[in-house]
Amino acid sequence: MNCRICSGYTRTIIDLGISPPANSLLDNTRQSVCSYPLVLEYCNSCCNIQLRDCLDSRDLYKNYLYVTPDSKMLNEHYEYLTRFLLSNKYINSDSKVLEIGSNIGLYLNHIRPFVKEILGVDPAENIAKLANAKGVHTICEFFSKELAMDLRNSKGKVDTIIARHCFAHNASPHDLLKGVKVLLDEGGVFVIENAYALNTIENNEFDQIYHEHMFYYSIQSMTKVLEMNGFKLIDILISLVHGGSIVFIAKHISSKNSISNSLRTHLQYEKEKLNMNTLARFSSNAFTLKEDLLKTINAINQRKETIYSYGATAKGNTLLNFLGLDNSIIKYCVDSTSIKQGKYLPGSKIKIINEDFKDVERPDYFLLTAWNYKDEIITKVRNKGNKDSAFIVPFPTLHII
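Reading the values: rules and limits
Residues numbered from 1 in each chain as written. Predicted model: local features only at pLDDT ≥ 70, side-chain atom pairs only at ≥ 80, totals over all residues. Heavy atoms only, no water. Buried < 20%, exposed > 50% of the residue type's maximum accessible area, 1.4 Å probe, protein only. Helix = DSSP H or I, 4+ residues; strand = E, 2+ residues; numbered from the N terminus. Arc of directions from axis to C-beta. Contact = heavy atoms within 4.5 Å. Pairing = 2+ DSSP bridges. Right-handed = clockwise from strand over helix to strand, strands pointing away. Axes fitted to C-alpha atoms, helices over the stretch in contact; angles between N-to-C directions. Patch = residues over 30% accessible without salt bridge, like charges linked within 9 Å, V, L, I, M, F, W, Y side chains within 5 Å. Areas by Shrake-Rupley, 256 points an atom, 1.4 Å probe, with all protein chains shown as cover. Salt bridge = Lys/Arg side-chain N within 4 Å of Asp/Glu carboxyl O. Lys, Arg positive; Asp, Glu negative; His and termini not counted. Charge placed at Lys NZ, Arg CZ, Asp CG, Glu CD. Polar contact = N/O pair within 3.5 Å; in protein donor to acceptor, adjacent residues only side chain to side chain. Phe/Tyr/Trp six-rings, centres within 6.5 Å; stacked < 30°, edge-to-face > 60°. Lys NZ or Arg CZ within 6 Å of the ring centre and 35° of its normal.

Help me out: how do you make sense of helix α4 (residues 125-133) in this one?
Given 3.6 residues per turn, any residue in an α-helix points the same way as the ones three and four places further on. Considered for burial, the residues of α4 that qualify are I127, A128 and A131. End-on, the buried residues of α4 take up no more than an arc of 95 degrees, which puts them together on one face. Exposed side chains of α4 directed beyond 90 degrees from the buried face belong to E125, K129 and A133. Buried residues in α4 make contact with β6 (138-139). At the exit of α4 stands G135, carrying a positive phi of roughly 90 degrees.

In structure tokens:
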């Protein structure tokens, strides 16, 4: 296969088999959904990590059910990110900000007091409707060069474009960057936040692999794709959110901004660590965890104890389908998102229920598929009076709390 950034030759890192699109929740157990390969590849030329097989974006997002949670951890991250942008003068009170993949607009709403204008762009009709109802003006479209030209002609250029956890969700980053090139002011800033490839690899987070995540960006691959489209990477910020994320700061290539010390330091570390030996360990560790987790779950089953999963997440569906678990082993999945409740997870057909447990008994164990919200979830469960259920935490290492 070939790299979708630089066209270099790619080799397979890990094959997780076939899996349904992670957010394609079912209305009932009789409903079927197609499954597709989940194969990750690596390009030695630009250090790009990508899915081998990409699904059509319109199929993935036509009825999108991921709603950004109103989480203490995320709110703290929003504050952390905003302080970074303000202190480095990447945004200010005169900034006109557009966010691509803005979901229900929680981050735009957070930075609203610090900037002049905000605007969201999100392709999911149901999600854009929720954002607009919350007072965050959101255009329901896929961001493209054509949309960028329309916005430039009708509203003028913007000072800041933000793409948080969505830049990796399209098969051609070049197409998206063409739109950014059209709409971003000459002195403007492009802010990209994604799961960081090196964190994903080093922490064995193979559950981050699902069909929406078409790319797993390293500093080196991001530098390459930006340069190919007339931008340069000038700064980065590393955070712990979502198991390890990276914020890339890019400007037009004509910008006179120098590269930050943070970027230099992390790039050097990445060049030392991101190699085929590291990637081979990642694959081996994934299958080891699969074996160990199945042993743990089978032992619980043999003791006639009950297990529910906690978190109807995309990463959770990757884990459940990779392990081959279904509703005969895990009867329910607990989730706080109301639009998911009453539906069923794709592949495993586990029913999603709310956190009140009005009609079901509490389980002996929760398989914590939303492990990145571990502390919040455990605190919530204990505060509701459940002192007995244990938590199986699969990442970064398997342990039980």
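Explanation requested: the pairing of strand β15 (residues 365-368) in the structure shown.
Side-chain positions along a regular strand alternate between the two faces of the sheet. Burial along β15 is two-sided: the residues Y365 and L367 and F366 and L368 are all buried. As paired strands, β15 and strand β16 (residues 390-393) are joined by 3 bridges and run parallel to one another. Each bridged residue has a counterpart across the sheet, and for Y365 the counterpart in β16 is A390. At this point the chain moves from β15, through helix α12 (residues 374-383), to the parallel β16, and the crossover so formed is right-handed.

What is the right way to look at the sheet that holds strand β4 (residues 96-100) in this model?
Consider a sheet: its strands pair through backbone hydrogen bonds, and that pairing is either parallel or antiparallel. Spatial strand order, β6-β5-β4-β7-β8-β11-β10: 7 strands in an open sheet with mixed pairing. What marks the edges here is a single partner per strand, and that holds for β6 and β10 (231-239). Lying on the sheet, helix α5 (residues 145-155) is in contact with β4, β5 (117-121) and β6; it crosses β5 at an angle near 155 degrees.

Please clarify how a positive patch on the surface should be interpreted in this entry.
Side chains of K145, R152, K157, K178 and K181 sit close together on the surface and give a patch of like positive charge. Of all the elements in the fold, those that place two or more residues in the positive patch are α5 and α6 (173-183). Checked against the element boundaries, K181 lands in helix α6.

How do you make sense of the environment of K387 when you look at a structure like this?
Tracing the backbone through its elements, the reader meets K387 in the loop between α12 and β16. On the basis of relative accessibility, which here comes to 57%, the residue K387 falls in the exposed class. In sequence terms K387 and P21 are 366 residues apart; their C-alpha atoms lie 35 Å from each other. Within the structure, K387 has its side chain in polar contact with the backbone oxygen of R382 (distance 3.0 Å).

I'm lost on the sheet that holds strand β13 (residues 332-334) in this one. Help?
Reading across from one edge, β14-β13-β12-β15-β16-β17 is the order of the 6 strands in this open sheet, with mixed pairing throughout. A single partner strand is all that each edge strand has here, and the edge strands are β14 (351-353) and β17 (399-400). Of the strand pairs in this sheet, strand β12 (residues 307-310) and β13 are connected by 2 bridges, and their pairing is parallel. From the neighbouring strand, S309 faces β13, where its bridge partner is C333. Across the face of the sheet, helix α10 (residues 276-302) comes into contact with β12, β15, β16 and β17 while running at roughly 160 degrees to β15.

Got a minute to help me understand a negative patch on the surface in this structure?
A cluster of acidic residues, E141, E146, D150 and D175, forms a negative patch at the surface. On the secondary structure map, E146 appears in helix α5.

Quick question: what am I supposed to make of the packing of aromatic side chains here?
In this description, a pair of aromatic rings is defined by centroid distance and the angle of the planes. Per the counting criterion, the structure on display carries 16 aromatic pairs. Ring centres of Y308 and Y332 lie 5.2 Å apart, and the angle between their planes is 85 degrees; on these two criteria the pair is classed as edge-to-face. Note that Y308 is positioned in strand β12 and Y332 in strand β13, a separation of 24 residues in sequence. Under the relative-accessibility criterion, Y308 is labelled buried at 7%. One cation-aromatic arrangement involves R164 over Y107; the distance from NZ or CZ to the ring centre is 5.2 Å. A cation over an aromatic ring shows up here: K290 above the ring of F322, its NZ or CZ 4.6 Å from the ring centre.

Which parts of the structure should I look at to understand the pattern of salt bridges?
If charged atoms from side chains of opposite charge come close, those side chains can pair. For the coordinates displayed, the defined rule picks out 9 salt bridges. As a salt-bridge pair, E79 and R83 come within 3.7 Å of each other at their nearest N and O atoms. Of this pair, E79 and R83 both sit in helix α2 (residues 72-87), 4 residues apart, which is roughly one turn of the helix. Assessed through its relative accessible area of 46%, R83 is described here as partly exposed. In this structure, E305 and R303 form a salt bridge, with 2.8 Å as the shortest nitrogen-oxygen distance.

Help me out: how do you make sense of the pairing of β4 in this one?
β4 sits mainly inside the fold: 4 of its 5 residues count as buried. Both β4 and β5 contribute to a ladder of 5 bridges, which runs parallel. Note on β5: the bridge partner recorded for E99 is G120. For the segment spanning β4, helix α3 (residues 106-111) and β5, crossover handedness is right-handed. Bridging between β4 and strand β7 (residues 158-164) involves 4 bridges; their strand directions are parallel. When the sheet's bridge partners are listed, L98 is paired in β7 with I161.

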